[in-house]
Amino acid sequence: MTSNRWPRAILTTVTVGALVALLAATWRPVAVGAQSGITKRHEHGYVQVGGKFYLLGGRNINPVDIFDPSTGTWTKGARSPVEMHHFQAVVFENRIYVVGAMTGQYPKEPPLPNVYIYDPAADAWQVGPEIPAGRRRGGAGAVLHDGEIYVVAGITNGHYDGHVAWVDAFNPRTGRWRQLPDAPRPRDHFHAGLIGGK
């Protein structure tokens, strides 16, 4: 019985050692703070389009900060047209969608009435379709699936009240919204993910 344990122990040690070596080889520090020129922000979105990463939104009206991992440098993009925070950015056809964000100051931050779209190629923002009045919220999860952006749960009145379990689907091609059955419980301040089509 002892002889059967040794190969597993050796394999586990080798596997863990290889994983540690891999992580040590791939992680490296990136300049942040004053030396990088990144705008201080919180409650923002961060997403990849093409080979670059885009940091956008946050409290106040901020420029987009763009990170190029091939050079390890940050550059500035266009300022957002309004203050937008508490959202999960979603990429559709190489454009970044802000669907279901809040604006204003803590604690009663109202939801934005429109979708906002940032085009990295043009470095330009545009105001997108209106969000149905009775379904506006921020702090929701958002994920792209089969050409629609699913907005899950959120909060309608900033950090004050109005937690909802709503689920809606937004079609960025048509600008149309579909109301779907509610999630099992209200939730806010989270990010959604898609695994196996769910």
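For the structure, check the block above.
Reading the values: the criteria
- Residues numbered from 1 in each chain as written.
- Predicted model: local features only at pLDDT ≥ 70, side-chain atom pairs only at ≥ 80, totals over all residues.
- Heavy atoms only, no water.
- Phe/Tyr/Trp six-rings, centres within 6.5 Å; stacked < 30°, edge-to-face > 60°.
- Buried < 20%, exposed > 50% of the residue type's maximum accessible area, 1.4 Å probe, protein only.
- Helix = DSSP H or I, 4+ residues; strand = E, 2+ residues; numbered from the N terminus.
- Pairing = 2+ DSSP bridges.
- Contact = heavy atoms within 4.5 Å.
- Core = buried A, V, L, I, M, F, W, Y, C linked by side-chain atoms within 4.5 Å.
- Axes fitted to C-alpha atoms, helices over the stretch in contact; angles between N-to-C directions.
- Salt bridge = Lys/Arg side-chain N within 4 Å of Asp/Glu carboxyl O.

### Quick notes on the packing of aromatic side chains
By the definition in use, this model includes 6 aromatic pairs. Relative to Trp 125, the ring of Tyr 118 has its centre 5.3 Å away and its plane inclined at 50°; by these criteria the two rings are tilted. Per residue, the accessibility class of Tyr 118 equals that of Trp 125, and both read buried. Ring centres 4.8 Å apart and planes at 40° place the aromatic pair Phe 170 and Trp 177 in the tilted group. Residue Phe 170 shares its accessibility class with Trp 177, and that shared class is buried. Here the aromatic residues Tyr 54, Tyr 118 and Trp 125 are joined through ring pairs into a cluster of three or more.

### Describing the pairing of strand 11 (residues 161-170)
The element strand 11 is extensively covered by neighbouring structure, given that 7 of its 10 residues are classed as buried. Judged from the 7 bridges that link them, strand 10 (residues 148-157) and strand 11 form a sheet pairing that is antiparallel. When the sheet's bridge partners are listed, Val 151 is paired in strand 11 with Asp 168. What sits between strand 10 and strand 11 in their antiparallel hairpin is a turn of 3 residues, with Gly 158 showing a positive phi close to 55°. Relative to strand 12 (residues 177-180), strand 11 is paired through 4 bridges, and the arrangement is antiparallel. Looking at strand 12, one finds that Val 167 is bridged to Leu 180. Where strand 11 folds back onto strand 12 in an antiparallel hairpin, the turn is made up of 6 residues, including Gly 175, whose phi is positive at roughly 80°.

### A word on the pairing of strand 6 (residues 95-98)
Two strands pair when backbone bridges link them, and strand 5 (residues 90-92) and strand 6 are joined in this way by 3 bridges, in the antiparallel orientation. Bridging from a neighbouring strand, Val 90 pairs with Tyr 97 of strand 6. Here strand 5 hands over to strand 6 after 2 residues, with Glu 93 in that stretch at a positive phi of 50°. Bridge count for strand 6 against strand 7 (residues 114-119) is 3 bridges, and the pairing is antiparallel.

### Concerning the side chain of Asp 168
By the element assignment, Asp 168 lies in strand 11. If near-sequence neighbours (up to four positions away) are discounted, Asp 168 is found in contact with Arg 135, Arg 137, Ile 149, Tyr 150, Val 151, Trp 177, Arg 178, Gln 179 and Leu 180.

### A few points about the nonpolar core
Ranked by size, the top nonpolar core spans 17 residues in total, and within it Tyr 54, Leu 56, Met 84, Ile 96, Val 98, Tyr 118 and Trp 125 carry the most contacts. Elements that contribute at least two residues to this core include exactly strand 1 (44-49), strand 2 (52-57), strand 3 (63-68), strand 6 and strand 7. Among residues more than four places away in sequence, those in contact with Val 98 are Leu 56, Met 84, Phe 87, Asn 114, Val 115, Tyr 116 and Trp 125. With 13 residues, the next largest nonpolar core counts Tyr 97, Ile 117, Ile 149 and Trp 177 among its residues.

### Structural notes on the sheet that holds strand 8 (residues 124-130)
Here we have 4 strands laid out as an open sheet, ordered 5-6-7-8, and antiparallel in their pairing. Across the chains shown, the open sheet's two edge strands, defined by having one partner strand only, are strand 5 and strand 8. Mean inter-strand twist for the sheet, computed between neighbouring axes without regard to direction, equals 30°.

### Here's the deal with the pattern of salt bridges
Taken as a whole and judged by the stated rule, the model has 8 salt bridges. In this structure, the salt-bridge partner of Arg 173 is Glu 93, at a minimum N-O distance of 2.3 Å. Here Arg 173 is found in the loop between strand 11 and strand 12, whereas its partner Glu 93 is found in the loop between strand 5 and strand 6, with 80 residues between them in sequence. Across the pair Arg 135 and Asp 168 runs a salt bridge whose closest N-O atoms are separated by 3.0 Å.

These figures come from the coordinates and say nothing about function on their own.
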